[in-house]
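Below are the chains, spelled out letter by letter.
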Amino acid sequence: MRSIRRSLSVAAAAGAFAAGTLTGVFAAAPANAAVSECVNGANGFVDIPYNKTGTVAYSVDLGGGRKAQLHYGSISGVQRGWAIIRGTTKKGDKVWMDWTTTATNGGWLQCGPFTVQADGLTNTSAAQKTSSKDGYWFRACGQIVGGTTRCTPWW
């Protein structure tokens, strides 16, 4: 059910975006952009291992053999979403997750960035509970050392 609703919501949002009625979600600056906004239980996020994987919702190629991916899965019995950077990572690569519960009003909370600590390691954002409610949106973003920021579609 969630997948069907999410697919319909993404299609509706894409149509609204094309029509210019939902541009705030895609163009507004993040409401917050700090690791402290989403670790140690802040804003309902939970800390997860740096190499935690789940089901891939979306993936974006960052270049240089690296990807930022939006994953979801059960964490302590609750379905949550998170961002992960994978591949031939380099120390200094970054990953974060944007999250909003107010998609139609614009703005979001940026969870991160979280920085890769050594070549070849993955890293994740903290994880946030998913919901089938309208307005709950997630995307994963990343930036490799010397590269540009790239993000997955909203999910």
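What you see is a predicted model, and the numbers here were worked out from it, not measured in a lab.

## Quick look at the nonpolar core
Now for step 1: Of all hydrophobic cores here, the largest spans 22 residues; its most connected members are Phe45, Cys111 and Phe138.
Now for step 2: Elements that contribute at least two residues to this core include exactly strand S2 (55–63), strand S3 (66–75), strand S4 (78–87), strand S5 (94–100), strand S6 (109–115) and strand S9 (137–143).
Now for step 3: Apart from the residues within four sequence positions on either side, Cys111 is in contact with Cys38, Phe45, Trp96, Met97, Ser125 and Ala126.

## Section: the state of the cysteines
Now for step 1: Evaluation of the coordinates by the stated rule reveals 2 disulfides.
Now for step 2: Residue Cys38 pairs covalently with Cys111 via a disulfide, S to S 2.1 Å. Sign of the S-S torsion, about 85° for the bond between Cys38 and Cys111, identifies this disulfide as right-handed. Placement of the pair is Cys38 in the loop between strand S1 (32–33) and S2 and Cys111 in strand S6, with a sequence separation of 73 residues.
Now for step 3: Cys38 gets classed as buried once you look at its relative accessible area, which sits at 0%.
Now for step 4: With its sulfur 2.1 Å from that of its partner, Cys141 forms a disulfide with Cys151. Between Cys141 and Cys151, the S-S dihedral sits near 110°, and the bridge is therefore right-handed. Of this pair, Cys141 sits in strand S9 while Cys151 sits in strand S10 (residues 150–151), and the two are 10 residues apart along the sequence.
Now for step 5: The exposure class assigned to Cys151 is partly exposed, which follows from its relative accessible area of 29%.
Now for step 6: Sequence-ordered numbering of the bonded cysteines in the protein yields a pairing of 1-2, 3-4.

Definitions and limits used
- Residues numbered from 1 in each chain as written.
- Predicted model: local features only at pLDDT ≥ 70, side-chain atom pairs only at ≥ 80, totals over all residues.
- Heavy atoms only, no water.
- Core = buried A, V, L, I, M, F, W, Y, C linked by side-chain atoms within 4.5 Å.
- Buried < 20%, exposed > 50% of the residue type's maximum accessible area, 1.4 Å probe, protein only.
- Helix = DSSP H or I, 4+ residues; strand = E, 2+ residues; numbered from the N terminus.
- Contact = heavy atoms within 4.5 Å.
- Disulfide = S-S within 2.5 Å.

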